Amino acid sequence: MQDKPGKDAPRSAEANRYAVLFEPVRIGPVTAKNRFFQVPHCNGGGYRDPSAVAEMRRVKSEGGWGVIFTEQVEIHHTSEITPFIELRIWDDDDIPALANMADAIHEHGALAGIELAYSGTNGPNLYTREVPLGPSNLPILTFTSDPVQARAMDREDLRNLRHWHRLAFRRAKQAGYDILCLYGAHGFGVIQHFLSRRTNHRSDEYGGSLLNRTRLMRELVEDAKETVGDTCAVSLRLSLDEMAANGLSNAELREIVEMHKDLPDLWDFAHGSWESCSGTSRFKPEGAQEDLVRGMKQLTDKPVVGVGRFTSPDAMVRQVKQGILDFIGAARPSIADPFLPAKIAEGRLDDIRECIGCNICVTGDMTMSLSRCTQNPSFMEEWRKGWHPERIRPKGESAKVLIVGGGPAGLEAARALGVRGYEVALAESGTELGGRVARECRLPGLSAWGRVRDYRTQQIGRMTNVETYFDSSLTADDVIGFGFEHVAIATGATWRRDGVARANTLPIAIDPAMPLFTPDDVMAGRMPAGGRVLVYDDDHYYMGGVLAELLGAQGCEVTIATPAARVSDWTFNTLEQGFIQARLIEADVAIMTNRVLSNIGKSEATLACSYTGRETVESFDAVVLVTARLPNDALYLDLKTRESAWADAGIRSVKVIGDAAAPAAIAWATYAGRRYGEELDMAPLGDALPFRREVVKPSRRAAPARPSGS
Amino acid sequence: MARNPRYDILFEPVPIGPVTAPNRFYQTPHATGMGYTKPKAEAALRGIKAEGGWGVVSTEYCSIHPSSDDSPFGFLTLWDEDDVRALARTAEAIHAHGSLAAVELWHGGAHAANRLTREPLVGPVTRPSHYLQPAHVRALDNEDLKALRRAHRKAAERALNAGFDIVYCYAGHDYLPFQFLSRRTNTRGDDYGGSLANRTRLLRELIEETKEAVAGRAAVAVRLAVDELHGPAGIAADGEGREIVELLAELPDLWDVNIAGALGNDSCSARFSEEGFQERYVSFVKSVTTKPVVSVGRFTSPDRMAGQIRRGVQDFIGAARPSIADPFLPAKIREGREDEIRECIGCNICRAANNEGVPLRCTQNPTMGEEWRRGWHPEVIAPKASEARVLVVGGGPAGLECATALGRRGYGVMLAEAGDRLGGRLIRESRLPGLSTWMRVADYRTGLLSRLANVEVFLASPMSAGDIVETGVEHVVIATGSRWRRDGLGAHGEAADLAAADPTRILTPDDVLAGAAPAGPVLVYDDEHYFMGGALAERFLAAGLDVTLATPAATVSSWTAMTDEQAFVQQRLMEQGARLVLSHHLTAARDGTATLASVYTGRPQEITFGTLVLVTGRLPDDDLHRALTADAGRLAAAGISSVTRIGDCLVPSSIADAVWRGHRYARELDAGFAPDAPPRRERPEA
């Protein structure tokens, strides 16, 4: 299976211990140049933004990945997952966009993989309005419980299904793909719906015994090999454990692999539910799937790929040397650092931008918007803004920039401008860099978030043109006195203590006798000493849930109240909500959902039902308000009022970025820093759009009449 | 037929500033779920409205600048010249039928998402974004406000270039100009905050500058929410709402007024509002301005419409949902065919389409959203392509629509209904609290059938496979509906252990709708999540029963969030005393005790019941289909060339889907379709 070392094998002596990662590996009729395997991942762009997706994949190819996959590609219009935006291979007109992606992937020698999906019981067909087809008559299993059911496929449907797959195989080959993956993992593919007793209630030759439940899988793989197997590899992506009652278990999967050893050219194993597979660093460590995947390789002669949010080259080597995996599968680590393989090859391990496991990338897909990455702000901006994870345009006409604030926005701005060659002064009022990241990474489960700081401090530490100043709390006078040409204010934000957020847009009545805390207090070590504590969460991301967890662990009797129907409601989009609420329930935190805090008395709080307005009064010894934040923009506003003094001081621009402009998640702050770094000295845009976009060309050609038309 | 003179008043032309509407039918802006990614589909949809006689046809919300992006919902954009070309198609399609084209310029402010553009959100004050996402809104400073006004002006210029006759300034639905108007969202201390005159400043500037931009070549409309339903603390029709109209009375060329606070207030479903429900909020407007006024109220009755004009409530009959259910509503009144109006049932499936980010659909009008991609027209259908005769078995929504559409094509149709009345599930479900308008789906079609001589209706005619074979038809359509499951298997995906439960104490919605009287206390287990669980609980509460509603979802009737109803449903149940057990799924029931497990931890809790009502999955009633298709030889011998299932019998779904599948069958009969062809799509062209 292994050929001679690939051409981009490690070039430095230090990196030789990673040589095994750069061995070529054969996959059926094709050969991957190394073991770095970007497994399929969504990106929120899909068929709506195909050029953006193609360019993103091209950058991964440049970064050295041996195999690069598309996201899920819907094979037929009778099974689609609108409103989620993936790719489609429904007819020949879909081929050009997919071929562009394959070309982009091939550009630097990677194999192009395409993940073919028939969504079955997971596809509500809201767009095409076709009848969903699955193994059994069952409600569609989606995030929104659409009032749609799947119909049990009959023999004719199954024949059609195989025919539709063959059409897709031919089109995928025509589009230039080297590996065709049949998707049966995460509950998202019909193959899994047939494998699992949870969704397969059939009594014919496709239901019942494992031999019967695997029949469709076998037929589809054999059809694929027969149709395109001479030139394309065929892989199977299956769930390691469905993690649900009556679902496909890990033991059953092992039986399946044993029964079908050499059926596919490659086995691609993913954890059962998407929530489990793409667990955040708060809930899953690196390599969390090892117990489930260990031993699979010994059941087959075909190569095995698995994932585990791997960012450590040593952990990767161990996976291969211990015979657990043949390929290091990665989705999120390849998003955070598309150049991870190249950096290992070149012995530049310090330059790896490690995934922090925050799952902000997943929220792009969940909200049908272009995915973001906290660590890599260029993700999905490669095409529309021309951003690149490693390169940035050279310096413009100015020379000196002052950045005030060493949090995520300031750090990223300093790094980007440093790479461009500006003379940068980074003024931090405290004694450490990182800002909110330095504080928040000390909260339970969030230590990996410190990598946002670590990567950037490491990078700017090596730049002679970037100077960092600590204990530098600056006034407008100071800034004007320094005379930098450009000033970026990145002074962060402060949590409010007046109750204002989403439910209450105006301050609420608060008795000063009630001990009151904000997340800033708690992170600075000022927190309730014990007793009954109300954590009121009208922020809805992680902070309220994390603080409830922290205070509960410190012995407080915690109640978390929120106007939402769920704790940490927005973390639904990071796939964490279920884990968070379960953890709080198990920690005996009392949960009051659908409650708006209307009043804080000296020893009690009034909470109104968000549906009926009915009020209840509960006694508390302390209240922690996790509500809105206010930008720390006093310095910016001072400087703005003195705009007339700028010219004499040599100041050409003062901008406010990150949380100091508008508080948001950390990914927004690194993005703002990057944008500042990218746009400095760029010609003003005027009324032009700040990005390219894909529009449907309004052709004036008459539409062809439909055969059924009126 | 001649127009009823009572309705002449509806067909008077009305000047709007420099342009004149040909009549008083005004399709107010409404979402289509299409937006900038589907310009051809959008143009075809609006063109049909104009063809149907609407004097003014408006677009949906149209962003003026990338700082206002509502992805993933279907919004339009007027950001650059590409957009002008795309939207010109829509204006052209509207003009082709002599109607005025209106465009709703939009900036969402704090109520935008900017998920696609990643531009910072902006608004009057720094606050968390309106949509739940980990982002705040930045307060607009003076420079930003100038840029915003410039963007609005540029968009107005582009709208003019695209050919629009009416350009909106949009201060409704909690969007940016409205955020400046309301004290609840504007606490600024500068010229744009504080006094009402200051809070109105931005809207005034936008109106003035839009008028400058269009320079007398188009009218400028204002869409204003005159009440946000937050009492005197917010904009209220008897307070600041009125004062705003007074302050700006003669400035715009037209006032388009409605209510806000949440989108569900304006688009309130029939379950929670009556026809004309906004009148008490908007009726003052005409008394404080001489400019024409339009508002909405889900009007489908021509007499009510004429009454609105005669009583001086408004000058136009504004409509969004009624124009979706029947794009030809004005033409039908004009031609004296009022009894052919396909009345909106107020179910808000159209809202669900937009909320789910898919093209518009309608329970009553299956052609909605299909005008371009499938070439469907609400009033025109191809004549029959053969002399084949068709038997439709089942007179529910799918069978009724199938029979009427085939009848319109001229086919010889027999419609056999087992019961003594047409309507199927509609008869039963329209008896639930608040759902009486749903019967219109059957009423409209039975009305049509009475005029179609080629469709024979057989009531009280249950059909066996043998009966069908004897009919001698060529095509058989089975539309026999579905039944609710009894095994507890729903969307959560796991059946409950009910082996030890007394089966007489377990009911399904079918039992209840057939008249079974539950003994209290009642436990309604809802793992379906649309209207049924909540509506049954409401009915039991009204009957004085003690009711607990349990569901694996975090909210009651969670999918009704898509129809803008969820808050109303849960509020009503709570106020009527229902006990709620949320985020729990049913694992087992034995006599009088149900065990429910937390969806988070699996921890069980027990609830005692007199009756357990299972609102879970449904199973198709396809026994007849199976019996009929079991013997292909017999079918061939009888000359039956096709047997097709439609509606809930094919796959249980919404009424809208049943009607659509019935319609599709009728469209595609003898059409020689390629089965592998997807509908036409609009794709970015590389």
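Residues numbered from 1 in each chain as written. Chains lettered and ligands numbered in written order. Predicted model: local features only at pLDDT ≥ 70, side-chain atom pairs only at ≥ 80, totals over all residues. Heavy atoms only, no water.

This paragraph deals with the overall build of chain B. Within chain B one finds 24 helices and 29 strands. A compact globule built from 686 residues should have a C-alpha radius of gyration of about 26 Å, and chain B, at 27 Å, falls within 12% of that. Counting only C-alpha atoms, chain B reaches 75 × 60 × 55 Å along its principal axes. Within chain B, buried positions represent 69% of all 686 residues. Long-range contacts, defined here as pairs at least 24 residues apart, represent 71% of the contacts in chain B between residues at least 6 apart. For chain B, the computed accessible surface area is about 21000 Å², with 50% contributed by carbon and sulfur atoms. Looking at charge distribution, chain B has the averaged site of its 76 positive side-chain charges lying 1 Å from that of its 88 negative ones. (Helix = DSSP H or I, 4+ residues; strand = E, 2+ residues; numbered from the N terminus. Rg over C-alpha atoms; globule rule 2.2 N^0.38 Å. Buried < 20%, exposed > 50% of the residue type's maximum accessible area, 1.4 Å probe, protein only. Contact = heavy atoms within 4.5 Å. Areas by Shrake-Rupley, 256 points an atom, 1.4 Å probe, with all protein chains shown as cover. Lys, Arg positive; Asp, Glu negative; His and termini not counted. Charge placed at Lys NZ, Arg CZ, Asp CG, Glu CD.)

Okay, the packing of helix α14 (residues 408–420) of chain A against helix α16 (residues 451–461) of chain A next. Angle between the axes and distance between the axes are the two parameters that describe a pair of packed helices. All names here are of chain A. At their nearest, the axes of α14 and α16 sit 9 Å apart, and the two run at 30° to each other. Once α14 is placed against α16, the crossing between them reads as left-handed. For the pair α14 and α16, the contacting residues are Pro408, Leu411, Glu412, Ala414 and Arg415 in the first and Val452, Arg453, Tyr455, Arg456, Thr457, Gln459 and Ile460 in the second. Residues that form the contact of α14 with α16 fall into these classes: six nonpolar, two polar and four charged. (Axes fitted to C-alpha atoms, helices over the stretch in contact; angles between N-to-C directions. Left-handed = near helix turned anticlockwise from the far one by under 90°. Nonpolar A, V, L, I, M, F, W, Y, C, P; charged D, E, K, R; others polar.)

Further remarks concern the pattern of salt bridges. Tallied over the entire structure, the rule returns 118 salt bridges over all chains. A salt bridge links Asp80(B) to Arg693(A); the nearest nitrogen and oxygen atoms lie 3.1 Å apart. Of this pair, Asp80(B) sits in the loop between β5 (76–77) and α2 (81–95) while Arg693(A) sits in the segment after α23 (666–679), which puts the two residues in different chains. In this structure, Asp80(B) and Arg693(A) share a single accessibility class: buried. The shortest N-O distance in the salt bridge between Arg451(B) and Asp339(B) comes to 3.7 Å. Here Arg451(B), found in the loop between α17 (440–449) and β17 (455–458), pairs with Asp339(B), found in the loop between α13 (329–334) and α14 (349–355); they are 112 residues apart in sequence, far enough to count as distant. Classification of Asp339(B) as exposed rests on a relative accessible area of 54%. Here the salt bridges share partners, and the residues they tie into one network are Arg393(A), Glu412(A), Arg415(A), Arg456(A), Arg674(A) and Glu678(A). (Salt bridge = Lys/Arg side-chain N within 4 Å of Asp/Glu carboxyl O.)

Residues and elements named next belong to chain B. Read from one edge of the open sheet, five strands run β17-β16-β15-β18-β29, paired in parallel fashion. Strands at the two margins of the open sheet, each flanked by one partner only, are β17 and β29 (642–645). Between one strand axis and the next, the sheet turns by 15° as a mean value, whatever way the strands run. Bridging between strand β15 (residues 389–393) and strand β16 (residues 412–416) involves five bridges; their strand directions are parallel. Bridge pairing links Val392 to Leu415 in β16. (Pairing = 2+ DSSP bridges.)

With that out of the way, let us pick up the interface of chain B and chain A. With 114 residues of chain B at the contact, the number on the chain A side is 107 residues. Between chain B and chain A the total buried area reaches about 9400 Å² when both faces are included, carbon and sulfur atoms providing 53% of it. If you sort the residues of chain B by the area they bury against chain A, Arg118(B), Pro134(B) and Tyr600(B) come out on top, with a joint share of 10%. At the surface where chain B touches chain A, the tally comes to 16 salt bridges. A salt bridge links Asp154(A) to Arg645(B); the shortest N-O distance between them is 3.9 Å. At the level of elements, α1 (39–51), α2, β9 (136–139), α3 (142–162), α21 (566–575), β28 (618–620) and α24 (655–668) of chain B are the ones that each hand at least two residues to the side of chain B that touches chain A. Its residues assigned to classes, the side of chain B that touches chain A comprises 48 nonpolar, 25 polar and 41 charged. (Buried area = accessible area lost by both parts, 1.4 Å probe.)

Two aromatic rings are characterised by how far apart their centres lie and by the angle between their planes. All names here are of chain B. Under the defined criterion, the tally for this structure stands at 36 aromatic pairs over all chains. Ring centres 6.2 Å apart and planes at 75° place the aromatic pair Phe180 and Tyr192 in the edge-to-face group. Of this pair, Phe180 sits in helix α4 (residues 176–181) while Tyr192 is found in the loop between α4 and α5 (196–199), placing the two residues twelve residues apart along the sequence. We note that Phe180, like Tyr192, is buried. (Phe/Tyr/Trp six-rings, centres within 6.5 Å; stacked < 30°, edge-to-face > 60°.)

With that out of the way, let us pick up the pairing of strand β6 (residues 111–117) of chain A. All names here are of chain A. Of all seven residues making up β6, seven are buried, and the element is well covered by its neighbours. Across the two faces of β6 the burial is the same, with Leu111, Gly113, Glu115 and Ala117 and Ala112, Ile114 and Leu116 all buried. As paired strands, strand β4 (residues 67–74) and β6 are joined by six bridges and run parallel to one another. Across the sheet, Val73 pairs through a bridge with Leu116, a residue of β6. Bridge analysis of β6 against strand β10 (residues 179–184) gives four bridges, and the strand direction is parallel. Across the sheet, the residue bridging to Gly113 is Ile179, located in β10.

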